[in-house]
Amino acid sequence: MLMIIAVIMLAAGNSRRFGSNKLLYEIEGRPMYQHTLDKLAAIPDVSLTVVTQYDEVAQEAMAKGARVLYNPHPDEGISSSLKIGLKANLDADACLFAVADQPWLSQDTPGKLIQLFLASGKGIACVSCGGKLGNPCIFSQKYYPELLELTGDTGGKHVITAHREDTALLPVEDSRELTDVDCRKNL
């Protein structure tokens, strides 16, 4: 049976710690979000949904064939974007969540994570480096109810921590891949 995996990029944060819209901050000549968007849009045979509050991100995502959903309440934290993306993809067998502020994510990592998820038989898969868990993460349908219960600035890591026995880990060598650029010192 073919498993339907939806890919959801979360790109609606307010960037308070960064001091300006970090997603538009240029890294290697392109806005930060574009690095992640390009990698996710290149994954074959998946649908891509982008949750944002920014028109520039929305326009670029639509140009790459993504479905765009606006988050009218980004101040409610990452859980609000996660739930908007998930509710639009409840028919998928699993959802891969990625964050737009991870510009050094390898081109191959999302695809390898999907392969690991499919091969492992586990309900969750996520990237890790040196014991630290990170994004992207994949959750099977059985975890959708728990994800929909999240509130505030709590993401899927809360669900992963509660179900480590059902989580497959994809180790990556370069810790920079897992760097979420939350403030300028992360650059």
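Residues numbered from 1 in each chain as written. Predicted model: local features only at pLDDT ≥ 70, side-chain atom pairs only at ≥ 80, totals over all residues. Heavy atoms only, no water.

### Quick look at the environment of alanine 94
- Within the secondary structure, alanine 94 sits in strand S6 (residues 94–99).
- For the pair alanine 94 and lysine 142, spaced 48 residues apart in sequence, the C-alpha separation works out to 8.7 Å.
- Beyond its immediate sequence surroundings of up to four residues, alanine 94 is in contact with Ile4, Ile5, Ala6, Phe117, Ile138, Phe139, Ser140 and Tyr144. (Helix = DSSP H or I, 4+ residues; strand = E, 2+ residues; numbered from the N terminus. Contact = heavy atoms within 4.5 Å.)

### Description of the confidence of the model for the protein
- Across the protein, pLDDT averages 86, with 87% of residues at or above 70.
- For residues 15–20, every residue scores under 50 in pLDDT, and the model assigns this stretch 13 contacts once sequence neighbours within four places are set aside. (pLDDT = per-residue confidence, 0-100.)

### Some remarks on the pattern of salt bridges
- With the rule as written, the count across this model stands at four salt bridges.
- For arginine 30, the salt bridge goes to aspartate 38, with nearest N and O atoms at 2.3 Å.
- Residue glutamate 60 is joined to lysine 64 by a salt bridge in which the shortest nitrogen-to-oxygen separation is 3.7 Å.
- For glutamate 60, a relative accessible area of 24% gives the class partly exposed.
- With a relative accessible area of 36%, lysine 64 lands in the partly exposed category. (Salt bridge = Lys/Arg side-chain N within 4 Å of Asp/Glu carboxyl O. Buried < 20%, exposed > 50% of the residue type's maximum accessible area, 1.4 Å probe, protein only.)

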